[in-house]
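Structural characterization, general
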Number of protein chains: 2
Amino acid sequence: MWLFSAPPLARIEQAHGVRLDAAWLEHLQRSSVRFSSGGSGAFVSSDGLVLTNHHVGADSIHKLGDASHDLLAEGFSAASRDDERKCHDLELNVLVSMEDVTARVQAAVAAEMAADEAFAARRAVMAEIEKESLAATGLRSDVVTLWQGGAYHLYRAKKYTDVRLVFAPEQQIAFFGGDADNFEFPRYNLDICLFRVYEDGRPVKADHHLAWAARPVAAGDVVFVSGHPGHTDRDATVAELVSLRDRRLPLDLQILNRLETVIGGYAGRGPEERRQAVQDLRGVENGRKARSGVLGGLLDPAVLAAKRETETQVRRDLEARLAGKESPFVRIERAQQTLDGIAMRYRLLEAAAGFNSEYFRTARTILRSVEERAKPSGDRLREYRESNRESLEYQLFSDEPLYDAFETTKLADSLTFLATSLGGDDELVVKVLGGMSPAERAATLVAGTELGRRAAPSSRPDRRRELYDGGPAAVSASSDPMLAVARLVDGESRRLRSIAEAADEEKKQAHAEIVRSRFAREGLAMPPDATFTLRLAYGVVTGGTQSGTPYPAVTTFGGLFARAADKRETPPFDLPPRWREAQATLATDTAFLDTGFNFASTADIIGGNSGSPVVNAAGEIVGVIFDGNIDSLVLDVAYDDRRARAVAVDAAGIVAALKQVYAADTLLEELLTGDAPRR
Amino acid sequence: MWLFSAPPLARIEQAHGVRLDAAWLEHLQRSSVRFSSGGSGAFVSSDGLVLTNHHVGADSIHKLGDASHDLLAEGFSAASRDDERKCHDLELNVLVSMEDVTARVQAAVAAEMAADEAFAARRAVMAEIEKESLAATGLRSDVVTLWQGGAYHLYRAKKYTDVRLVFAPEQQIAFFGGDADNFEFPRYNLDICLFRVYEDGRPVKADHHLAWAARPVAAGDVVFVSGHPGHTDRDATVAELVSLRDRRLPLDLQILNRLETVIGGYAGRGPEERRQAVQDLRGVENGRKARSGVLGGLLDPAVLAAKRETETQVRRDLEARLAGKESPFVRIERAQQTLDGIAMRYRLLEAAAGFNSEYFRTARTILRSVEERAKPSGDRLREYRESNRESLEYQLFSDEPLYDAFETTKLADSLTFLATSLGGDDELVVKVLGGMSPAERAATLVAGTELGRRAAPSSRPDRRRELYDGGPAAVSASSDPMLAVARLVDGESRRLRSIAEAADEEKKQAHAEIVRSRFAREGLAMPPDATFTLRLAYGVVTGGTQSGTPYPAVTTFGGLFARAADKRETPPFDLPPRWREAQATLATDTAFLDTGFNFASTADIIGGNSGSPVVNAAGEIVGVIFDGNIDSLVLDVAYDDRRARAVAVDAAGIVAALKQVYAADTLLEELLTGDAPRR
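The paragraphs below set out a description of the structure included in this document.

Criteria and thresholds
- Residues numbered from 1 in each chain as written.
- Chains lettered and ligands numbered in written order.
- Predicted model: local features only at pLDDT ≥ 70, side-chain atom pairs only at ≥ 80, totals over all residues.
- Heavy atoms only, no water.
- Helix = DSSP H or I, 4+ residues; strand = E, 2+ residues; numbered from the N terminus.
- Rg over C-alpha atoms; globule rule 2.2 N^0.38 Å.
- Buried < 20%, exposed > 50% of the residue type's maximum accessible area, 1.4 Å probe, protein only.
- Contact = heavy atoms within 4.5 Å.
- Areas by Shrake-Rupley, 256 points an atom, 1.4 Å probe, with all protein chains shown as cover.
- Lys, Arg positive; Asp, Glu negative; His and termini not counted.
- Charge placed at Lys NZ, Arg CZ, Asp CG, Glu CD.
- Core = buried A, V, L, I, M, F, W, Y, C linked by side-chain atoms within 4.5 Å.
- Buried area = accessible area lost by both parts, 1.4 Å probe.
- Salt bridge = Lys/Arg side-chain N within 4 Å of Asp/Glu carboxyl O.
- Polar contact = N/O pair within 3.5 Å; in protein donor to acceptor, adjacent residues only side chain to side chain.
- Least-squares fit on C-alpha atoms with pLDDT ≥ 70 in both.
- Axes fitted to C-alpha atoms, helices over the stretch in contact; angles between N-to-C directions.
- Left-handed = near helix turned anticlockwise from the far one by under 90°.
- Nonpolar A, V, L, I, M, F, W, Y, C, P; charged D, E, K, R; others polar.

Here we take up the overall build of chain A. Helices and strands together make up the secondary structure of chain A, namely 24 helices and 21 strands. Whereas a compact globule of 679 residues would reach a radius of gyration of roughly 26 Å, chain A reaches 25 Å, a difference of no more than 12%. Taken along its principal axes, the extent of the C-alpha atoms in chain A is 70 × 70 × 50 Å. Each of the 679 residues in chain A was classed as buried or not, and the buried ones make up 61%. Across chain A, contacts joining residues at least 24 apart in sequence account for 77% of those joining residues at least 6 apart. For chain A, the computed accessible surface area is about 25700 Å², with 51% contributed by carbon and sulfur atoms. Charged side chains in chain A number 83 positive and 100 negative. The centres of these two groups are separated by 2 Å.

Counting 73 residues, the largest nonpolar core has A:Leu349, A:Phe355, A:Phe360, A:Leu415, A:Leu418, B:Leu298 and B:Val637 as its most contacted members. With sequence-adjacent residues up to four places away left out, A:Leu418 is seen in contact with A:Leu348, A:Leu349, A:Gly354, A:Phe355, A:Gly423, A:Val429 and A:Val432. Among the nonpolar cores identified, the runner-up in size contains 71 residues, and A:Leu253, B:Ile263, B:Ile366 and B:Val446 belong to it.

Each partner contributes residues to the interface: chain B has 42 residues there, and chain A has 41 residues. Of the roughly 2900 Å² buried where chain B meets chain A, counting both sides, 58% is carbon and sulfur surface. It is B:Thr261, B:Pro271 and B:Leu299 in chain B that bury the most area against chain A; as a group they hold 19% of the surface buried on that side. The interface formed by chain B and chain A includes six salt bridges. Note that B:Arg308 and A:Asp425 form a salt bridge whose closest N and O atoms lie 3.5 Å from each other.

Looking now at the pattern of salt bridges. Within the structure shown, the criterion is met by 152 salt bridges over all chains. Across the salt bridge formed by A:Glu350 and A:Arg364, the nearest N and O atoms sit 4.0 Å from each other. Of the two residues, A:Glu350 sits in the loop between helix 12 (328-348) and helix 13 (358-372) while A:Arg364 sits in helix 13, which places them 14 residues apart along the sequence. Exposure remark for A:Arg364: the relative accessible area of 8% places this residue in the buried category. Residue B:Glu240 is joined to B:Lys507 by a salt bridge in which the shortest nitrogen-to-oxygen separation is 2.8 Å. One end of the pair, B:Glu240, is in helix 9 (residues 238-267); the other, B:Lys507, is in helix 19 (residues 481-522), and 267 residues separate them in sequence. Across the pair, exposure class does not vary: B:Glu240 and B:Lys507 are buried alike. One continuous salt-bridge network, built from bridges that share partners, spans A:Glu350, A:Arg364, A:Arg368, A:Glu371, A:Glu372, A:Lys375, A:Glu383, A:Asp490, A:Arg494, A:Arg497 and A:Glu501.

Moving on: helix 23 (residues 651-660) of chain B. Side chains of residues three or four places apart in an α-helix project in the same direction, reflecting 3.6 residues per turn. Counting buried residues along helix 23 of chain B, seven of its ten residues qualify, which places the element largely inside the surrounding structure. Regarding helix 23 of chain B, its N-cap is B:Asp650, as a side-chain oxygen of that residue lies 2.9 Å from the backbone nitrogen of B:Ala652 further along.

So, about the relation of the copies chain B and chain A. Overlaying chain B with chain A gives an RMSD of 0.0 Å, the required rotation being 180° about an axis along which the chain moves by 0.0 Å. Read as a symmetry element, the transformation amounts to a two-fold axis. Considering only C-alpha atoms, the residue of chain B closest to the rotation axis is B:Asn257, which sits at 2.7 Å. Residue by residue, 98% of the interface of chain B is reproduced at the interface of chain A, so both copies engage with the same surface.

Our focus in this paragraph is the packing of helix 9 (residues 238-267) of chain A against helix 15 (residues 404-422) of chain A. Any two packed helices are characterised by how steeply their axes cross, that is the angle between the axes, and by the distance between the axes. All names here are of chain A. Interaxial distance between helix 9 and helix 15 falls to 10 Å at its minimum, and their mutual angle equals 145°. Crossing hand, helix 9 versus helix 15: right-handed. Contact residues: Leu251, Gln254, Ile255, Arg258, Val262, Ile263 and Tyr266 in helix 9; Ala405, Phe406, Thr409, Asp413, Thr416 and Phe417 in helix 15. Looking at the contact of helix 9 with helix 15 residue by residue, the class counts come to eight nonpolar, three polar and two charged.

Here's what the structure looks like:
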């Protein structure tokens, strides 16, 4: 997970004999795309075609559907440019430049400042840098915190918000094997979809796009991955990891388990309810399995023992040179205790786990927007800073249709969680419930709010824009019940946020000290933890062994059909009708059956890398990352290339499927030539 | 939920004009059957045929299946007596007599005893009474604690352990609508199955059995329910209810939610895994929905306000007469705090939520059996008392086949729960995990233990009998790894149990005082809380209103087909093949389509009543209880006949289904005449 601004060129050359240059890197960087919904992708034609995972695009695909069009289940293929469907709230970013602004950020924070003052000063200087950059370049500008506070870089990106769906296979083949096969290998998934980026109503002319590899990957090939790993905890101290193991992850899992049963229960009510909820359900299942894997790693005594050993050395060195000053490790531990002490209330209120409804999130955003707008950008809660305003409004005014029965179900469950976590007689709980049971209260709130676009025809208007534009006067005059609830908890919620921000600042300063000490000893030897910014990974295409059984590096279409048969095509191992037909017609086509479908490699990836292009040494696309195996989940806390594998859709498999299953000849021509066919 | 020894005859006559006599009651009592697996049923022929719910029999039906025979999914119909299939570990009881032994039990407990001494003395006298009764009558003898300790009754029951499966429909029609429709009405479920009880290799000649009603039920009919409601908390104090609301139920739900995702995840791995796990999954889903309902009731401020009001009055009266003695309400609150303080550790260790595997339960039972056997029966942990020995051994040596992959999955998850709940560095956790991650440790334990019958051929022998019979010497010489884990936690586990038993004793004494005060004022006005012993309930067949929509008292087969169509036959709303055929052939048979399938009544029931016969004033079967509606779940804490409904399979629907869908003519003749046909 190397920074594009500090790629390990010598290491790569030494290990794999491949020499990369600046032009190669810039081409890959400028072809890479970040999805605001939490994933990666790449331009694959000069006409703005973007390739990513089906599960990265699924949220947008879902929102384009309705009760009579289940685009997730049925798939989608635009018959022409006019048929390409604009997404409701998808934003894509392409990283244009990076700049080290550490000195300016650190200079704004004086040594004698208290943690909350230091936090405010740091937030202010970051907002100032971002605002200046936006004004100067027109580019989306974000100051990114690296090495837990060891460095600050300014990332500038081109932003696209007119993104249209071009092609998606049926979810059944994109996610063949479902939750059971998720984070496993061998796999057989066509986990791809294609969008096209528009500007001013026309397909964007991408300066850079990746060419399709002529030769498929094979075991032993070196491959490179360019994408946006979301979050890792490799530089966390042992105290932070113990908190993660004993507190944070168990709480995450408690919340995810209950969401899975509640959303699963709603989906079980019938086919239309399933369509409404399936996308949320997939997300929850995926999060549950990922966190279980990280937790399993942290509960392996060997993993934490290794961390303890390394830390003991670093700490001894560092503390020997402190000359009576308090150890940064002790400061991190204390800040972590502060965070742990408020974790449950923070999660319920500020992270809104007690108010799980789109309507509530909208109510809070409107309430806070009008309050924050009155302040200088640098003093605002960070997500309301001026440079983020366009993106925030784009999300806030999403055309996503909301389903009241689903919103009520989620809200009732989360109000129950709020009540049982704080106690049924807690003052705030009593106020929030207003004399009703959680189920009654949720039904009343959802039925009464006017802060969203309802899927079904409704007599309730959508007052989002009116309140947001109306400012404080309009908001305080509003009698919207969801806005009232957001207001009711906002004081306590902001108070918790301030405590958390000050504790995070404490940790940041302490981490910066540890990192400076490490830099002095090792130089820039290891990349920073993942931050959902562009990174370069590399590895070798290779098989492995799972529970004593060896598996190959590359799976095939023949393998897909065999697995479906072995599972008697019982869901989630059933094939979509189109694929059953293909199976029959191509039963003896050994070239097709032997074509690579998915492959594994040792590249270092994590959630957020989904949809990342996998390229060969020539920089040509050979696949698209869509998953890691179960042993890769520990990569969150520790690097491992023995058992961890990144899992990708094979570019050769994409070509074969588009040609022989979907007969998508025009699209295929654009992919293979990098140009849209003239028509 | 009235005691058969104190039926409310005058109330019934006054309210419904029906006069019941002792013979009527005895006939119903002696026809009623308790299922050890947690349900009710009734003899319906003189040849030992027992009718119950499919979901009550499902555990036994499941255990009779294997990878090539999915009896739950496919259903079962014995072609002849020889074809009836003996269950692995099902015990049925028929209540023969009841005797009030309160005076003797209370006399054994002296006023000056500490709680733990009092507990031991009470346990000893109960075991003594049971042992004497068993010796004198040969009947299963249990001293039952009523009114939370206000009274003690000796229940004697005939015990049957040769129980054979005769008929079961497909689970898809028994549980049509699945978790979505569970605890809802209208319903359309053939939730029945039939067993036959054998003694000495021949069908038992039942002295009593219920006759089939000639006339179907209709709205307005008075009906009676004889069954075994499992547990209610209506006499709990407000302090106990608050603990239930804020601690016990949230913990239950946390555990159930994680079990649902873990077992659901295992079931999703393929059709065979689904077959292995589906029964456990149903149980967990049902428990989750039931507890959510109770919690919803307790979180309704109106419910607890009413409880508070009643308690305030009772408490004022009682405390005025205490003359300086500590209030029993205060003692209950303190004991509840003690229980709350150890609740998590108790649940993990003594209730074994940290060791969720049949292998562990067997290991503990063997370990404790050989230790407890050395003590006098009255000094043993209660489940090891001499009078329970036969039943305990019957369970311990069950022929149930175990699936190692499934046991490993459950154990790995529960070890993770243990570790995260106590903390990964907790001394006991470190010992239990033995240097491995929970997943590795679970795999090692399951692979290494020899305490069960494996489904797959295995080189591991089954040493349950050898160790149990071998006594302390054999058990301490054994190197079975699961036995070692059971041994490792047993000291702490027993310590927690002692604390809990003493606190429960405290509560019992305090409740007895409250009850005596209530008896003095009201007499035996209200029945005791449910205790999984035989009770009589009654009510009226009637419809109601759900979320503003009225529903009828009785649903029909026509309604079933309409609902399946409305849900596009998507699971869980799909029909088994046999029912699809019936739908086609009977499409114009209005007599069939209009036949009653399920019905609702105001009878006061709760979990454990499943399978209870519903009879008319003449004592003839008109239905079989199988569920309550969502508003009935609050019956756990407060009686309500406005919105709560008991839901039953209509006897007329059973006849129509057996005749027109299953062509089960011989079985039908036995049901309708009460005699097995001569052949």
